Amino acid sequence: MLSSFADALTHQRPSSPFVTLTALRTLIGVQRHRLLLIVALLAACGSLAWAAGQTRPRGASVAIEGTSFVPPELTVTVGQAVTWTNKDPFPHNVSSSAGKFSSKNLEAGGVWTFTPRTAGRFPYVCTLHPGMKGTLVVKKEK
Amino acid sequence: MNIRTVWIALAVLCVGSTAWAQAPNDAQIAAIVVTANQVDIDAGRLAESNGSNAQVKAFGKQMVTDHSGVNKQATDLVTKLGVKPEDNATARSLKSAGDANITKLKSLKGAAFDQAYVANEVAYHQQVLDALDKTLIPNASNADLKALLVKVRPAFVAHLEHAKQLQTSLAK
């Protein structure tokens, strides 16, 4: 492949601005079938990656701000990680009312991730601030 | 211009200037917010050290943490905005009431301290919420300052609720 590129180059006037363009065209022309194969492979890889992304859902998230959980109710599937981020300037925590999960106190900017392993409806609170409530709804994997 | 017009103009000016005098500007609001937080931080520190009930001490400690966090956020914002907190009558009155509360609490011990501290926390947080709703939020002109006040309001509601729950359990 490279030798035909070199040939294409040497057949041109060295000072011409079209040298590289013509050489490139020659290269593509000669190696078109190989180029098409590479493009097809890349497209296939890209599609596989996208498809993989679709079947394995990305993590879900809850923001802790204004002394509340946003969104107040989040639905995920079993095995899908949930991340809580404390965006308030003081600590909060995430504590399941039934004792199923519990973060330690999260400082301002603190992050906590939990991956539910069972389906169900899980209300939770921040034990530091009465009235601060959220619900995690976990559906079975399809 | 007849005399009636003059009287009307004076009346409007009086009402208008009274309203103006009562409505704080952003610099004054900043001073009120910082003072209000500091008053509760000071009381919280005293409860942490002098409180006798474990929940009262823990509440005091949380007041220090929460109000310090809010103060830092408020101070960072006004610094960023180039607003210098401006002392005013409301801030001074909060400070002097806060000082009087500290003096009174220092003279108390045990359950009497706990009950007095918590009773004051209930009244104080109610007062701060009223000020937020009637004066501070409506009069904040900078959008970021207003947003900060709106965002911290639920924390004070939670503090008030917590203080009321404590008050009930201490009364048992």
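In case you missed it, the structure is sitting above this.
Because the structure is a prediction, the values reported are computed rather than measured. (Residues numbered from 1 in each chain as written. Chains lettered and ligands numbered in written order. Predicted model: local features only at pLDDT ≥ 70, side-chain atom pairs only at ≥ 80, totals over all residues. Heavy atoms only, no water.)

Chemist: Run through the overall build of chain A, naming residues and quoting values.
Modeler: Looking only at helices and strands, chain A features 3 helices and 8 strands. Counted over contacts in chain A with a minimum sequence separation of 6, partners at least 24 positions apart contribute 48%. Here chain A displays about 9,100 Å² of accessible surface, and carbon together with sulfur accounts for 61% of that area. (Helix = DSSP H or I, 4+ residues; strand = E, 2+ residues; numbered from the N terminus. Contact = heavy atoms within 4.5 Å. Areas by Shrake-Rupley, 256 points an atom, 1.4 Å probe, with all protein chains shown as cover.)

Chemist: Tell me what's going on with the environment of B:Q73, and back it up with residues and numbers.
Modeler: Residue placement: B:Q73 occurs in helix α3 (residues 54-81). Placed 36 residues apart in sequence, B:Q73 and B:K109 show a C-alpha to C-alpha distance of 34 Å. With near-sequence residues (within four places) excluded, B:Q73 lies in contact with A:P89, B:L148 and B:V152.

Chemist: Quick one: what's the story with unusual backbone geometry, residue by residue and with numbers?
Modeler: Residue and element names in this part refer to chain A. Backbone torsion omega between V70 and P71 reads 5°, so that peptide bond is classified as cis. Summarising the element assignment, P71 is placed in the loop between β2 (68-70) and β3 (73-77). Here the phi dihedral of T67 falls at roughly 55°; this positive angle occurs in a residue that is not glycine. Within the secondary structure, T67 sits in the loop between β1 (60-65) and β2.

Chemist: Help me get a handle on helix α4 (residues 89-106) of chain B, residues and values and all.
Modeler: All names here are of chain B. The terminal C-alpha atoms of α4, which comprises 18 residues, lie 26 Å apart, in line with the 26 Å expected from a rise of 1.5 Å per residue. Those residues of α4 that fall on the buried side of the exposure criterion are A91, L94, G98, N101, I102 and L105. Along the axis of α4, the buried residues cluster in a sector spanning 100°; they form a single face. Those residues of α4 that are exposed and aimed more than 90 degrees away from the buried face are A89 and T103. Here the buried face of α4 lies against α2 (26-50) and α5 (110-139). A side-chain oxygen of the first residue of α4 lies 3.2 Å from the backbone nitrogen of T90; this N-cap is N88. (Expected span 1.5 Å × (residues − 1). Buried < 20%, exposed > 50% of the residue type's maximum accessible area, 1.4 Å probe, protein only. Arc of directions from axis to C-beta. Polar contact = N/O pair within 3.5 Å; in protein donor to acceptor, adjacent residues only side chain to side chain.)

Chemist: Describe the packing of aromatic side chains, naming the residues involved and giving the relevant values.
Modeler: Residue and element names in this part refer to chain A. On inspection of all chains with the given rule, the structure shows 11 aromatic pairs over all chains. Arranged with centres 5.3 Å apart and planes meeting at 35°, the rings of W84 and W112 form a pair that is tilted. Taken as a pair, W84 in strand β4 (residues 82-86) and W112 in strand β6 (residues 111-114) lie far apart in primary sequence, 28 residues in all. Residue classification places W112 among the buried positions, given a relative accessible area of 17%. An angle of 10° between the planes, with centres 5.8 Å apart, marks the rings of W112 and F114 as stacked. Assigned by exposure class, W112 and F114 land together as buried. Site record: aromatic cluster; members linked through ring pairs are F69, W84, F101, W112, F114, F122 and Y124. (Phe/Tyr/Trp six-rings, centres within 6.5 Å; stacked < 30°, edge-to-face > 60°.)

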